[in-house]
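Per-entry structural report
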Amino acid sequence: MSGIAPESYVAGKWIGPGTAAKSIMSPVDGSEIARAGGADLDFAAMRAFALDKGGPALRALTFHQRAKMLKALAGYIGSRKEELYALNPLTGATRKDGAVDIEGGIITMTVIAGKGRREMPDGHVYLDGEVERISRSGTFLAQHIAVPRQGVAVHINAFNFPVWGMLEKLAPTLLAGMPAIVKPATQTCYLTEACFRMIVDSGLVPEGAVQLIVGGTGDLLDWLGPQDVVSFTGSADTALTLRSNRNLLSRSVRFMAEADSLNASVLGPDVVPGSEEFDLFVKQAATEMTVKAGQKCTAIRRIIVPEAQMDAVTEALAERLRGTTIGDPAGDARMGALASAAQRADVLEKAAMLASEATNVLDGLTAPDGPGFVAPMLFRCADPDAGRTVHDVEAFGPVSTVMPYRDLPHAAALANRGKGSLVASLVTGDPQVARAFTLDSAAWHGRLYITDRTSMKEATGHGSPLPHLVHGGPGRAGGGEELGGVRGVLHYMQRTAVQGSPDVLTAVTGQWVPGAREIEGPEHPFRRTFRDIEIGETIVTDPREVTLEDIEHFAHFTGDTFYAHMDEAAAQANPFFPGRVAHGYLLLSFAAGLFVMPDPGPVLANTGLNGLSFQKPVSPGDRVHVRLTARRKTQRTDTYGEVAWHVTLYNQDAEQVAEYELLTMVAYEKP
């Protein structure tokens with residue numbers, strides 16, 4: 001399949017390989033797969049194009065419009081995914097391995113899009129927390145917001161996940177409103193380029209929002225400024241080199257790294273051979289060693305087991321690994337090849353270092369001929385306390401080390417000796433073991449994966465980073481963080497504290513803030529369409545008296561005969577109440593009766609309420625009224641949107657007795 005010539009995408013134009021292009025050789029048979037890179041790219045022009053074209057176009061869209069774009073883009077790539085699967089075996093990966101990369105990337109983009117629609121506003125400003133009241137009367141307030149950084153995100157990705165690695169960074173970046181320059185690892189860049197070309201072909205992404213570098217980054221980092229972001233995945237040594245760039249340091253360019261990770265998996269002290277947890281542990285360890293031929297940043301590198309189970313685990317795992325079929329990834333092999341001959345040489349070098357402190361119990365296991373093939377290696381380290389290499393050296397392939405622990409604190413200490421990892425896992429049937437291990441080790445790991453027979457059928461697996469959860473880790477894992485739903489989006493945004501009056505905060509955030517100007521509409525707001533309703537539109541209802549008969553009727557009708565509503569003496573003895581009081585839910589019902597418009601109209605449904613709180617009890621004879629204000633509007637479908645109303649109840653003395661946010665679905669057009 002030689003003749004592939006992956007191209008860079010620079011300032012809206014495709015640029016092919018240059019005279020200094022690098023040959024990419026097959027890890028399966030050593031033939032030339034492609035020639036890539038070597039072109040003279042204008043990196044300053046790339047950044048300028050992103051800033052001048054891509055950034056403004058993305059920032060003009062709301063979060064929901066960007067999320068809709070991402071969802072459509074994921075669907076488009078999914079419709080052409082077989083083109084990616086056709087190239088996947090060239091990387092040395094089986095189709096099952098490729099699904100982790102290709103399907104995983106598509107799913108990640110879809111999930112991030114969904115998070116954007118559900119958890120971010122239908123606007124241009126993200127609200128971080130609640131309004132801070134920093135003045136006595138409430139005329140001067142503060143609100144933390146987040147807005148897109150006005151620079152470019154540079155994504156430098158690793159060779160092992162050419163599709164997922166690109167899409168998992170692109171999704172939160174584009175949702176944040178930042179353009180991106182993608183730089184894949186050259187060894188597998190042809191697969192990244194094929195997926196990137198689909199993004200361009202889709203026509204869904206604004207001009208300048210995405211660009212691609214095939215080959216080296218040249219002087220790109222020297223052009224970056226304070227509004228830019230660099231997100232790197234790769235080795236700790238390369239991360240250190242990039243992080244130390246003088247321009248990045250002097251201009252405080254935001255830098256995120258996901259690097260080496262000696263991930264550990266711990267067998268709980270309660271687990272014995274023959275149990276479901278024991279079998280799960282062995283199967284998980286074997287899977288994590290062989291998926292992608294162990295070329296996963298989340299793969300299990302250290303297997304930490306009770307001293308009493310050392311022999312049983314080693315024997316069971318060795319037996320399972322001996323049954324692994326290794327061969328051409330385009331065939332029926334369970335495990336394919338490493339990505340390149342250079343990667344194989346590196347794994348063998350690191351394995352030799354591990355052999356100075358541990359014994360390979362699979363010594364003699366062979367792999368097929370070919371530049372990238374290597375057999376699984378399972379090392380046994382009898383004295384992990386004395387060991388250093390087993391806690392310091394990562395062989396990025398099908399290599400792991402079994403080691404014993406004395407007690408649970410010792411197991412946590414061994415896991416932590418990896419000096420920071422992306423993930424540590426624990427298999428235990430005892431929740432207290434899980435709690436103790438978490439308290440001792442969570443500070444050293446970006447994710448803790450804890451499973452047992454109850455969760456095993458639905459659990460996602462030790463090595464599966466999910467778009468909902470943070471991906472990253474402290475220390476040698478890079479100290480960075482990606483994904484985690486909206487958390488990952490915020491890495492490409494600037495958090496700012498805005499101080500001002502309620503009117504100022506309302507204007508900035510697009511959401512009505514209590515104390516801001518209220519608008520009197522031409523008619524009851526429930527008669528107005530989603531498009532007609534204005535933020536701040538308010539009605540104040542007539543009052544209604546709450547009687548003792550109301551309270552008793554509600555109590556008997558609902559069955560809520562709590563003493564504070566039915567027993568005068570007991571209620572008076574309660575420090576919260578002056579005597580018998582109205583039910584909180586009775587007040588909510590009366591509130592709805594006061595502001596509702598019963599006739600058919602644009603309001604389609606009440607879908608919930610948020611933040612309900614009661615400030616003052618209501619006694620028989622009190623008169624309550626409601627203030628209803630349109631707080632924010634969110635488009636949901638092609639026919640209706642959501643209006644959030646700020647609702648406050650007051651008594652006859654203008655004292656606030658309750659507050660909540662009401663959600664209604666409102667049609668765009670009148671029926």
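The structure under discussion appears in the preceding block.
Because the structure is predicted, anything quoted here is derived from the model rather than measured.

**Some details on the packing of helix H2 (residues 63–79) against helix H4 (residues 95–119)**
At their nearest, the axes of H2 and H4 sit 8 Å apart, and the two run at 160 degrees to each other. One way to sum up the angle between H2 and H4 is to call them roughly antiparallel. In the crossing of H2 with H4, the sense of the turn from one axis to the other is left-handed. Listed contacts from H4 to His64, Ala67, Leu70, Lys71, Leu73, Ala74, Ile77 and Gly78 of H2 are Ile106, Met109, Thr110, Ala113, Gly116 and Arg117.

**Some thoughts on the state of the cysteines**
Scanning the entire structure with this criterion turns up zero disulfides. For the unlinked cysteine Cys189, the closest cysteine sulfur is that of Cys195, found at 13 Å.

**Digging into the environment of Glu288**
Along the chain, Glu288 turns up in helix H9 (residues 276–290). For Glu288, a relative accessible area of 5% puts it in the buried group. Residues Glu288 and Ala382 lie 94 residues apart in sequence; the distance between their C-alpha atoms is 22 Å. Here Glu288 is in contact with Gly294, Lys296, Thr298, Ala299, Ile300, His462 and Gly463, once residues within four sequence places are set aside. Separated by 3.1 Å, the side chain of Glu288 and the backbone nitrogen of Gly463 make a polar contact.

**Some points on the sheet that holds strand E18 (residues 424–427)**
Pairing is mixed in the open sheet, where seven strands are placed in the order E15-E16-E17-E14-E13-E18-E19. A single partner strand is all that each edge strand has here, and the edge strands are strand E15 (359–360) and strand E19 (448–451). When E18 meets E19, the two strands line up parallel, connected through four bridges. Paired with Ser425 across the strands is Tyr449, a residue of E19. Contacting strand E13 (264–267), E18 and E19, helix H14 (residues 431–441) runs over the sheet at an angle of about 170 degrees to E19.

**Some thoughts on the pattern of salt bridges**
Applying the stated criterion to the full structure yields 31 salt bridges. The closest approach of N and O atoms between Glu523 and Lys670, which form a salt bridge, is 3.5 Å. On the criterion of sequence distance, the pair formed by Glu523 in the loop between helix H16 (502–509) and strand E23 (538–540) and Lys670 in the segment after strand E28 (656–667) is long-range, its members being 147 residues apart. Judged by relative accessible area, Glu523 falls into the partly exposed class, the value being 31%. Across the pair Glu552 and Arg580 runs a salt bridge, and its minimum N-O distance is 2.9 Å. Note that Glu552 is positioned in helix H17 (residues 548–558) and Arg580 in the loop between helix H19 (568–573) and helix H20 (584–595), a separation of 28 residues in sequence.

Conventions used here
Residues numbered from 1 in each chain as written. Predicted model: local features only at pLDDT ≥ 70, side-chain atom pairs only at ≥ 80, totals over all residues. Heavy atoms only, no water. Axes fitted to C-alpha atoms, helices over the stretch in contact; angles between N-to-C directions. Helix = DSSP H or I, 4+ residues; strand = E, 2+ residues; numbered from the N terminus. Parallel < 35°, antiparallel > 145°, perpendicular 65-115°, else oblique. Left-handed = near helix turned anticlockwise from the far one by under 90°. Contact = heavy atoms within 4.5 Å. Disulfide = S-S within 2.5 Å. Buried < 20%, exposed > 50% of the residue type's maximum accessible area, 1.4 Å probe, protein only. Polar contact = N/O pair within 3.5 Å; in protein donor to acceptor, adjacent residues only side chain to side chain. Pairing = 2+ DSSP bridges. Salt bridge = Lys/Arg side-chain N within 4 Å of Asp/Glu carboxyl O.

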